[in-house]
Amino acid sequence: MGEPPVGPDRATLRLALVTGGLLLAVLLGFGLGRLNPPPSTASGAAPAAGGHTHPPGTGAHSHSGAAVDQGTATDAAGLSVSAAGYTLTPSAVEFPVGRAGELRFQIRDERRRAVTRFAVVHDKPMHLIVVRRDLTGYQHLHPTMAADGTWSVPLTLTQPGVWRAYADFTAVADDGGQAAVTLGTDLTAPGGYAPRPLPAPATTGTVDGFTAGYEGTPKAGESTPLRFRVRAGDAAAPLERYLGAYGHLVALREGDLGYLHVHPETGRDGDAVTFQLTVPGPGRYRMFLDFQVAGVVHTAGFTVTVP
């Protein structure tokens, strides 16, 4: 009679079961990891509604039914040639004093491509503000764009010195997202620069036979309504719509020439035109009110001191 077959001992069997269990756990973990990948830890802008991203520190706001990226309301703009991924590139920055020339420039994106899609804001796709560094010689111009994205506009710098040019626009990106941006660059007119002192603060002023004045006291970091009235003699001036409203207001900060976005209210309160102004901090500011009467645009200037 032969000997019974010899099977594995208990220790060997226990080792085999443990090894098999570990192998099965590893395989299951790998499969679950493939089905549920970990969240990405890459840094960058967070996606926003509409499938486009907002640069850090900016958000979307309503702008004619579209989402628009812009900086915080208390920031001064126009201090740099580049912002929000866009760059202002002029073809020339020196102009002869008192002689008509032409300013040509492009707005380029992060890939150095000329931008050719702009939203129409206040009746125009591009607003160009030019002023000398002592805040004299203010001009509000509207360039025209060629098919390649080159903007051009006639320009005369009436006095020697350094001038500041602001391109105020809303660019439309490839994904349809819009970005409201103001970029600035310096222009020069050769010759001796003799800066003029800023006029004293006043709430009224005269221009071309009209008297313009405003009510309201700007405060740093707060949105303040300013109510402007324009009179022709003893009667209210018959204001006409200009750039989609009954007036257009630009405010610039003395020193660095920071550009402030000023938003007009759509309606009128009697003969008043109201704007919402937010100044970023204390200092002196120069406000320029454009208004139109009988097809002619006039500009009244005001100096305001914010404590």
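Residues numbered from 1 in each chain as written. Predicted model: local features only at pLDDT ≥ 70, side-chain atom pairs only at ≥ 80, totals over all residues. Heavy atoms only, no water.

**Q** Is there a simple way to think about unusual backbone geometry in this case?
**A** If a residue is not glycine, its phi is most likely negative; likewise, a peptide bond is most likely trans. The backbone of Leu135 shows a phi angle near 65°, a positive value even though the residue is not glycine. Among the structural elements, Leu135 can be located in the loop between strand 6 (126–132) and strand 7 (139–141). With a phi angle near 55°, Asp208 is a residue other than glycine that sits in the positive phi range. Mapped onto the elements of the fold, Asp208 is located in the loop between strand 12 (204–207) and strand 13 (210–215). (Helix = DSSP H or I, 4+ residues; strand = E, 2+ residues; numbered from the N terminus.)

**Q** Got a minute to help me understand the confidence of the model for the chain in this structure?
**A** The predicted coordinates should not be examined in detail at positions where pLDDT is low. Mean pLDDT over the chain stands at 82; residues scoring 70 or higher make up 76%. In this model, residues 1–8 is a region of pLDDT below 50 whose contacts with residues beyond four sequence positions or in other chains number zero contacts. (pLDDT = per-residue confidence, 0-100. Contact = heavy atoms within 4.5 Å.)

**Q** For this particular structure, what's the right way to read the packing of aromatic side chains?
**A** Each aromatic ring pair is specified by the distance between its two centres and by the angle formed by the two planes. In the structure shown here, the tally under the stated rule is ten aromatic pairs. Summarising the aromatic geometry, the rings of Tyr138 and Phe288 are spaced 4.2 Å apart at their centres and angled 5° between planes, so their arrangement reads as stacked. Placement of the pair is Tyr138 in the loop between strand 6 and strand 7 and Phe288 in strand 20 (residues 283–293), with a sequence separation of 150 residues. Exposure class is identical for Tyr138 and Phe288. Each is buried. Both rings, one in Tyr166 and one in Tyr259, keep their centres 5.1 Å apart while their planes meet at 40°; by these two values the pair is tilted. With a gap of 93 residues between them, Tyr166 in strand 10 (residues 161–172) and Tyr259 in strand 17 (residues 259–260) connect regions that are remote in the sequence. According to the relative accessible area criterion, Tyr259 is buried, its value standing at 3%. The structure contains a cluster of three or more aromatic residues connected by ring pairs, namely Tyr86, Phe118, Trp151 and Phe169. (Phe/Tyr/Trp six-rings, centres within 6.5 Å; stacked < 30°, edge-to-face > 60°. Buried < 20%, exposed > 50% of the residue type's maximum accessible area, 1.4 Å probe, protein only.)

**Q** What exactly am I supposed to notice about empty space enclosed by the protein here?
**A** Unoccupied space between atoms shows up once a probe the size of one water molecule is rolled over them. Throughout the structure, instances matching the rule amount to one cavity of 30 Å³ or more. Of the pockets and cavities examined, the largest cavity occupies roughly 50 Å³. Looking at the largest cavity, the residues that line it are Leu88, Pro90, Leu103, Phe105, Leu128, Ala165, Thr185 and Leu187. Where the lining of the largest cavity is concerned, the elements lending two or more residues are strand 4 (86–90), strand 5 (101–108) and strand 11 (178–189). Its residues assigned to classes, the lining of the largest cavity comprises seven nonpolar, one polar and no charged. (1 Å grid on protein atoms, 1.4 Å probe; cavity = no way out; pocket = protein on both sides within 12 Å on 5 of 7 lines; lining within 4 Å. Points joined across faces, edges and corners; volume = space filled by probe spheres on them. Nonpolar A, V, L, I, M, F, W, Y, C, P; charged D, E, K, R; others polar.)

**Q** It is not clear to me how the side chain of Thr150 should be interpreted in this structure. Could you clarify?
**A** Mapped onto the elements, Thr150 comes out in strand 9 (residues 150–155). Setting aside chain neighbours within four positions, we find Thr150 in contact with Arg104, Phe105, Gln106, Thr144 and Met145.

**Q** I keep staring at the sheet that holds strand 16 (residues 248–253) and nothing clicks. Help me out?
**A** The strands making up a sheet are joined through hydrogen bonds of the backbone, oriented either antiparallel or parallel. Taken together, four strands build an open sheet; the order of strands is 17-16-20-21 and the sheet is antiparallel. Of all the strands in the sheet, the pair left with one neighbour each is strand 17 and strand 21 (296–306). Sheet topology places strand 16 next to strand 17; two bridges connect them, and they run antiparallel. Bridge pairing in strand 17 places Leu252 opposite Tyr259. (Pairing = 2+ DSSP bridges.)

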